Amino acid sequence: MFYNTSDFKALEAGTQLTWMQQQLSLQNIANGETPGYKSKSLAFSSVLDQASGTAQPSSISARVVESDTVSNRTDGNNVDTEEQSVALYRAYAQYSALLSKVKSDFDQYDYVLNCGMK
């Protein structure tokens, strides 16, 4: 069925990861004035494996990494709120596009199952 296809698993993983990215960007923005706070991001190591054909879509994962960039601020905080706002919007746009694709796929299955009658 549709839930067990590699396409659906890739969509599912993508929505989960873009959701995580949105949450990290929001956390970074919220801590933009916290002394000593280091911005966090997602590292997608298995995406490279998938591109080379060694990972399955369901195994796409990311880990949270703390930025080691040097801060220009005296309090040690390295959050660039403008950069984080752009990252937040980018993740939101990707998340929305993925959800639209999932909805489209479900609509197609619904059409087939109901023989086009509604």
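Preceding this paragraph is the structure being described.
On a predicted model such as this, the values are computed, not experimentally measured, just so you know.

What counts, and where the lines are drawn
Residues numbered from 1 in each chain as written. Predicted model: local features only at pLDDT ≥ 70, side-chain atom pairs only at ≥ 80, totals over all residues. Heavy atoms only, no water. Helix = DSSP H or I, 4+ residues; strand = E, 2+ residues; numbered from the N terminus. Buried < 20%, exposed > 50% of the residue type's maximum accessible area, 1.4 Å probe, protein only. Contact = heavy atoms within 4.5 Å. Areas by Shrake-Rupley, 256 points an atom, 1.4 Å probe, with all protein chains shown as cover. Salt bridge = Lys/Arg side-chain N within 4 Å of Asp/Glu carboxyl O. Expected span 1.5 Å × (residues − 1). Axes fitted to C-alpha atoms, helices over the stretch in contact; angles between N-to-C directions. Parallel < 35°, antiparallel > 145°, perpendicular 65-115°, else oblique. Left-handed = near helix turned anticlockwise from the far one by under 90°. Nonpolar A, V, L, I, M, F, W, Y, C, P; charged D, E, K, R; others polar.

Caption draft 1: Looking closely at the overall build of the protein. Looking only at helices and strands, the protein has 3 helices and 2 strands in total. Ordered by position from N to C terminus, the α and β elements of the protein give α-β-α-β-α. Split into buried and exposed, the 118 residues of the protein put 30% on the buried side. Counting contacts in the protein only where the partners sit at least 6 residues apart, residues at least 24 apart contribute 66% of the total. Only carbon and sulfur atoms are counted for the fraction: they give 56% of the accessible area of the protein, which is about 7,900 Å².

Caption draft 2: Structural detail: the pattern of salt bridges. The full count for this structure, using the stated rule, is 5 salt bridges. With its nearest N and O atoms 3.9 Å apart, the salt bridge here joins glutamate 33 to arginine 73. Placement of glutamate 33 in the loop between helix 1 (6-30) and strand 1 (40-43) and of arginine 73 in the loop between strand 2 (63-66) and helix 3 (81-113) is noted, with a sequence separation of 40 residues between them. The class of glutamate 33 is exposed, set by a relative accessible area of 65%. The class for arginine 73 is partly exposed, based on a relative accessible area of 30%.

Caption draft 3: Seen up close, helix 1. Taking 1.5 Å as the rise per residue, helix 1 with 25 residues should run 36 Å; its terminal C-alpha atoms sit 36 Å apart, in good agreement. Among all positions of helix 1, only Phe8, Leu11, Ala13, Gly14, Thr15, Leu17, Thr18, Gln21, Gln22, Leu24, Ser25 and Asn28 are buried.

Caption draft 4: Quick look at helix 3. Helix length check: helix 3 (33 residues) gives 47 Å between terminal C-alpha atoms against 48 Å at 1.5 Å per residue, within 8%. Those residues of helix 3 not exposed but buried are Gln84, Ala87, Ala91, Tyr95, Val102 and Asp105. The secondary structure elements touched by the buried residues of helix 3 are helix 1. One or two residues past the end of helix 3 sits cysteine 115, with phi positive at roughly 55°.

Caption draft 5: The arrangement of the packing of helix 1 against helix 3 in detail. Look at helix 1 against helix 3: their axes get within 8 Å of each other, and the N-to-C directions meet at 155°. The pairing of helix 1 with helix 3 is recorded here as roughly antiparallel in orientation. As for how helix 1 packs across helix 3, the hand of that crossing is left-handed. Residues belonging to the contact of helix 1 with helix 3 are distributed by class as follows: 14 nonpolar, 10 polar and 2 charged.

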